[in-house]
Amino acid sequence: MVYQKTESQHRNDIIDICKRVHSNGWVASNDGNISIRIGPNAVLCTPTGMSKGYLRTDQLVKVDMDGNKLEGELEASSEVKIHLDVYKNKKGINSAVHAHPPYATAYAVAGIPLDQCVIPEIIVSLGSIPLTKYGTPSTQEIPESIRKYLPDHNAFLLENHGAFTIGNDVHQAYYRMESMELFAKISLLAKTLGNVNTISEENVQKIMDMRSNWIKDEGGYAGCRIDGKFIGSAGNGSGAGVNTVAGQNSGNNGSGSSYSPDGSGNNDAAVNGDDVITIRKSELVDMISKIVANIVNKK
Ligand SMILES: [Zn+2]
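Quick summary incoming for the structure in this document. If you're wondering where the values come from, they're calculated on a predicted model, not measured in any experiment. Residue positions are given per chain, counted from 1 along the sequence in the order it is written. Side-chain atom pairs in this predicted model are given and counted only at pLDDT of 80 or more, local residue features only at pLDDT of at least 70, and totals for whole chains, interfaces and linings cover all residues. Remark: hydrogens and water are excluded; side-chain values derive from all non-hydrogen atoms of the structure.

## Concerning the pattern of salt bridges
- Salt bridge, as used here, is a side-chain nitrogen of Lys or Arg placed within 4 Å of a carboxyl oxygen of Asp or Glu. All chains considered together, the criterion is met by 12 salt bridges.
- As a salt-bridge pair, Glu7 and Lys62 come within 2.9 Å of each other at their nearest N and O atoms. Of this pair, Glu7 sits in helix α1 (residues 7-23) while Lys62 sits in strand β3 (residues 61-63), and the two are 55 residues apart along the sequence.
- Judged by its relative accessible area of 26%, Glu7 falls in the partly exposed class.
- Its salt-bridge partner being Lys229, residue Glu201 comes within 2.9 Å of it at the nearest N-O pair. Highlighted residues: Glu201 in helix α7 (residues 201-214) and Lys229 in strand β10 (residues 229-231), separated in sequence by 28 residues.
- Relative accessibility under 20% of the residue-type maximum defines a buried residue, over 50% an exposed one, and the middle range a partly exposed one, all with a 1.4 Å probe and only protein chains included. Overall, Lys229 belongs to the partly exposed group, its relative accessible area being 25%. Elements are defined by DSSP. Helices are runs of H or I of four residues or more, strands are runs of E of two residues or more, and each kind is numbered from the N terminus.

## So, the packing of α1 against helix α6 (residues 170-193)
- Across the interface, α1 lies against α6 with an axial gap of 10 Å and an inter-helix angle of 10 degrees. Our classification of the angle between α1 and α6 gives roughly parallel. Contacts between α1 and α6 involve Asp13, Asp16, Ile17, Arg20 and Val21 from the first element and Val170, His171 and Tyr174 from the second.
- Within the contact of α1 with α6, the residues separate by chemical class into 4 nonpolar, 1 polar and 3 charged. Here, axes are lines fitted to C-alpha atoms. For helices the fit covers the stretch in contact, and angles between N-to-C directions go from 0 to 180 degrees. In this scheme, roughly parallel covers angles under 35 degrees and roughly antiparallel covers those over 145, while 65 to 115 is roughly perpendicular and the rest are oblique. Contact definition: two residues touch when any of their heavy atoms are within 4.5 Å. Charged residues are taken to be Asp, Glu, Lys and Arg, nonpolar residues to be Ala, Val, Leu, Ile, Met, Phe, Trp, Tyr, Cys and Pro, and polar residues to be all remaining types, Gly included.

## A look at the nonpolar core
- The term nonpolar core refers to a set of buried residues drawn from Ala, Val, Leu, Ile, Met, Phe, Trp, Tyr and Cys, joined through side-chain atoms within 4.5 Å. One finds Val21, Ile34, Leu114, Ile129, Leu157 and Met180 to be the most contacted residues of the largest nonpolar core, which totals 37 residues.
- Elements with a contribution of two residues or more to this core: α1, β1 (33-39), β2 (42-45), β5 (95-99), α3 (102-110), β7 (155-158) and α6.
- Take this core: its biggest share by element is 7 residues, from α6.
- Every residue in contact with Met180, bar those within four places of it in the chain, is listed here: Ala104, Leu114, Leu126, Ile129, Ala155, Phe156, Leu157, Ala163, Phe164 and Thr165.
- In this structure, Val61, Val80, Leu150 and Phe156 belong to the second largest nonpolar core, which totals 21 residues.

Take a look at the structure:
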């Protein structure tokens, strides 16, 4: 449980992760912010206007869950709003990391979610990484864009901005950022080589079956995409749900539309007028067989 550490240990953890984020080249100048929820109504976060590479433990700011300052000489990052909104809306999350890692951010700028079933470790750890709708920094727009993906995701691409990850503790949130960035880098390199091949549905299913044995009580899981179809998006990695998503490109040139892996239809494709339907393979085969039989009989 993250609260069991002392405040001094939490301060050290934040500074440790700030230095990693800075030395990885995921931030420039004063970019990025990190926080840890250290109590029911207390969050320790990085201050505004300071480089993450040179921050000291005594420069961190303590705020309550509404963002009011409790302690600290400097002002809290204006983006702490995103962190607080996540803590209020997702159980078990006690830390958040925001940065601009270049490969993940390139996908966020290109408007392409990292959601294909291509690497087993990513399928297990993150499932897929959605692209959240652009929001003006420091307003409520970004928290609102993230909120609809919160139940099933722990890593997010912020459209035309950067990346955001959450975790039970600051190390988990940081490692999720590492995983996302490496996934983005590999995806881009594979694309420059000419091919981003997805793993077969049968093999993805095996990975998800293993995942459901390994990972318990982690909340929702969105699964990942093969062409227009999400695999494993219902339940916690059970692989029970298969959603067909309209309006998705089958290659790695996603149109930038966000998706609705829970099948709620609450996605950009639906907003744009393309209805999302779910159909079983057997029903589709049956339907096509009847159409073909009709055509043949008319000849
Ligand atoms: Zn930012």
